[in-house]
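Residue strings, one per chain:
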Amino acid sequence: MSFDYGHKYTLQNVAQQTPLYGTTVVGLKAAGVEFVRIQWVDMTNTIRYRVVPIAYFEKLLDSPRPGVAIVRCALGMVYMTLADGFSPIGEYIYVIDMKTIRLCPYAAGHASVMGFFQEKAPVQGPDNQPTVSTNLCPRTNLQRIIDDARDRAGVEFLVGFESEFILLKSNNTLEAVNTHGYGINHALTSGSIEAQVMEEIAHALKDAGIELQMYHSEAASGQYEFVTGPLPPLESADALIHTRETITNIAAKHGLRATLAPRLYMDGPGSSCHTHLSIHPRDSPPPGPATAIAESQSAPPPQESSFLAGLLAHLPAITAFTLPQTSSYGRMVDGVWAGGTYVSWGTENREAPVRLCNAASRSARNFELRFVDGLANPYLALASILGAGTLGVKAQQPLTHADCSTLSAAEMDDAARKAAGITTRMSLNLDESRKALAGDAALQGVLGEELVEKYLSLNKALSEAMDAGTEEEAVARLIESY
């Protein structure tokens, strides 16, 4: 008898389907598209786009490298200030990736599309061969790491996201749209503005071809969550960006502000971007009794175990990408179900930064990464996570951290933590995260030294800009920006 539960997602059954309107201009026109938003996400996790009429978009697609010219520093701006290492000189071409085209139901007649930053003319690549690829492009970097994991470590991934946010009555107030408890019925009273907004977002996601698993209220005032289904990592990050645009635009249409701020109210829980990750061998072992027994146990199988070991080894540095602002660390504390402050993992343990979910079910088993928030660029966050885990798989790194399935690390005494292999704290603030990343040569080798150097410079400039002035001014700036 099987006691599995949950839908079984595989790399085959989540393959991104071609939208009903197709990926041609004819199909887009038939769907009523008049404008296309050529969209990118910079290193500060700011969504930017150029809007082009469908007639000009058709001309771009007829060109040898369909895309638009974007100034190089578009990846490194904080407001209109350039961080050290970025220059106003030079341009990239942002090459359209038609596989990412989606309708924007929140904006009648609009569709959006992502792309890859490329050099206008070939340059010498790391292998001394000519290339137009640039590792500073977040999508390119993530795709490179995915390909390396598949080809050199024999693993592939599925990723799904939980998008938490708070609905405020306006940009200019901390007043939430309501006060409610976790999952409570009063949070979605029929006819209320918040219920209208949530239902409209749900319809828009469905119409854009994004699988919505559920939505519900969270525990903070005005806090809600949308859970979207798993996809391969690049496609999942693209879908997350479209989900965020849908949430913020529909909220704005109703006069509300949806904010991803990690923790607005210190007497309540924060908002995160919990990231669900499953690891799939490229060449799965044949089914049999031994496989079934191994999969039925809560301990990770070998590739999962090595991936987890690699991830935990680099976690203090990874948080420079996944918890990228000062405000991120107001959420990541012990005792508030946010993942805690110790490098650890645990079966169904919400006080561990890595939670093993549905351990005994072959259908629904996955890791929930609780150390990611909505301020993180999802492409860079996933690149650092998958890159670190893949290092562990390649090295067949042993997992020395025990499963914290009965107590959180913060509840243990020093001797118990040592016995469980828990010897490292998470980075407790942004400075510690940046120092950990600057000192992690192996992770830099995976991501690229130039990307890490420029990211650290930009992140420093961003924190200086975001944290300037009084606490009230910093919070207002955070809500306005994210």
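Residues numbered from 1 in each chain as written. Predicted model: local features only at pLDDT ≥ 70, side-chain atom pairs only at ≥ 80, totals over all residues. Heavy atoms only, no water.

Naming follows an unreviewed UniProt entry, where the chain appears as Glutamine synthetase of Athelia psychrophila. Quoted verbatim from the Sequence similarities (unreviewed entry) field of UniProt, the annotation for the chain is "Belongs to the glutamine synthetase family." (UniProt positions renumbered as here; feature names shortened; annotations may be inferred.)

(A) Quick peek at the domain arrangement of the chain. When cut into domains, the chain gives domain 1 (19-134) and domain 2 (151-285 + 293-481). The C-alpha-based centres of domain 1 and domain 2 are spaced at 26 Å. Residue-level contacts link 27 residues of domain 1 with 34 residues of domain 2. Between domain 1 and domain 2 the total buried area reaches about 2,400 Å² when both faces are included, carbon and sulfur atoms providing 64% of it. Our enumeration of links across domain 1 and domain 2 arrives at ten residue pairs in polar contact (both at pLDDT 80 or more). When residues of the side of domain 1 that touches domain 2 are traced back to their parent elements, those giving at least two are strand E1 (35-41), strand E2 (47-53), strand E4 (77-78), strand E6 (91-103) and strand E7 (110-124). For the side of domain 1 that touches domain 2, a count of residues per class yields 16 nonpolar, seven polar and four charged. (Domains from an automatic or database assignment. Contact = heavy atoms within 4.5 Å. Buried area = accessible area lost by both parts, 1.4 Å probe. Polar contact = N/O pair within 3.5 Å; in protein donor to acceptor, adjacent residues only side chain to side chain. Helix = DSSP H or I, 4+ residues; strand = E, 2+ residues; numbered from the N terminus. Nonpolar A, V, L, I, M, F, W, Y, C, P; charged D, E, K, R; others polar.)

(B) Looking closely at the packing of aromatic side chains. Counted according to the given criterion, the structure contains eight aromatic pairs. With centroids separated by 6.1 Å and ring planes inclined at 85°, the aromatic side chains of Trp-40 and Phe-117 adopt a geometry described as edge-to-face. You can see Trp-40 sitting in strand E1 and its partner Phe-117 sitting in strand E7, a full 77 residues away along the chain. The buried category is assigned to Trp-40, whose relative accessible area is 5%. Accessibility expressed as a relative area gives 2% for Phe-117, which makes it buried. Both rings, one in Tyr-94 and one in Phe-117, keep their centres 4.6 Å apart while their planes meet at 50°; by these two values the pair is tilted. In this pair, Tyr-94 sits in strand E6 while Phe-117 sits in strand E7, placing the two residues 23 residues apart along the sequence. In textbook terms, an aromatic cluster arises when at least three aromatic residues are bridged by ring pairs, as seen for Trp-40, Tyr-92, Tyr-94 and Phe-117. (Phe/Tyr/Trp six-rings, centres within 6.5 Å; stacked < 30°, edge-to-face > 60°. Buried < 20%, exposed > 50% of the residue type's maximum accessible area, 1.4 Å probe, protein only.)

(C) Summary view of the packing of helix H3 (residues 138-153) against helix H5 (residues 233-253). Where H3 contacts H5, the two axes come as close as 9 Å, and the packing angle between them is 150°. Looking at the two axes, H3 sits roughly antiparallel to H5. For the pair H3 and H5, the contacting residues are Arg-139, Leu-142, Gln-143 and Ile-146 in the first and Pro-233, Leu-234 and Asp-238 in the second. When grouped by side-chain class, the residues that make up the contact of H3 with H5 number four nonpolar, one polar and two charged. (Axes fitted to C-alpha atoms, helices over the stretch in contact; angles between N-to-C directions. Parallel < 35°, antiparallel > 145°, perpendicular 65-115°, else oblique.)

(D) Up close: the nonpolar core. Residues Phe-57 and Phe-371 are the most contacted members of the largest nonpolar core, which totals 106 residues. Tallying contributions element by element places helix H9 (residues 378-394) first for this core, with nine residues. Here this core spans two domains, and each of domain 1 (19-134) and domain 2 (151-285 + 293-481) adds at least three residues to it. Counting residues in hydrophobic clusters, the runner-up holds 24 residues, among them Cys-104, Val-197, Met-198 and Ile-250. (Core = buried A, V, L, I, M, F, W, Y, C linked by side-chain atoms within 4.5 Å.)

(E) Seen up close, unusual backbone geometry. Unusually for a residue other than glycine, Glu-348 sits at a positive phi of about 55°. Examined against the element boundaries, Glu-348 turns out to sit in the loop between strand E14 (345-347) and strand E15 (354-357). Exposure remark for Glu-348: the relative accessible area of 35% places this residue in the partly exposed category. Residue Gln-396 is not a glycine yet carries a positive backbone phi of 50°. Secondary-structure assignment places Gln-396 in the loop between H9 and helix H10 (414-419). Residue Gln-396 is classed as exposed on the basis of its relative accessible area of 66%.

(F) Structural detail: helix H11 (residues 430-438). Residues of H11 that are buried include every one of Leu-430, Ser-433, Arg-434 and Leu-437, and no others. With its buried residues spanning 95° around the axis, H11 presents them on a single face. Elements that come into contact with the buried residues of H11 comprise helix H8 (315-322), helix H12 (441-447) and helix H13 (449-466). N-capping of H11 is provided by Asn-429, with a side-chain oxygen placed 3.2 Å from the backbone N of Asp-431. (Arc of directions from axis to C-beta.)

(G) Region of interest: the side chain of Thr-140. By the element assignment, Thr-140 lies in helix H3. Judged by its relative accessible area of 13%, Thr-140 is buried. Among all residues touching Thr-140, those that are not within four sequence positions of it are Phe-116, Phe-117, Ser-133 and Thr-134.

(H) Molecular detail of the pattern of salt bridges. Scanning all chains against the criterion turns up 23 salt bridges. A salt bridge links Asp-151 to Arg-150, with the nearest nitrogen and oxygen atoms 2.8 Å apart. Given a relative accessible area of 47%, Asp-151 falls into the partly exposed group. Residues Glu-348 and Arg-355 are paired through a salt bridge, measuring 2.7 Å at the closest nitrogen-oxygen approach. Ionic contacts of the salt-bridge type, sharing partners, join the residues Asp-97, Lys-99, Arg-139 and Asp-238 into one network. (Salt bridge = Lys/Arg side-chain N within 4 Å of Asp/Glu carboxyl O.)

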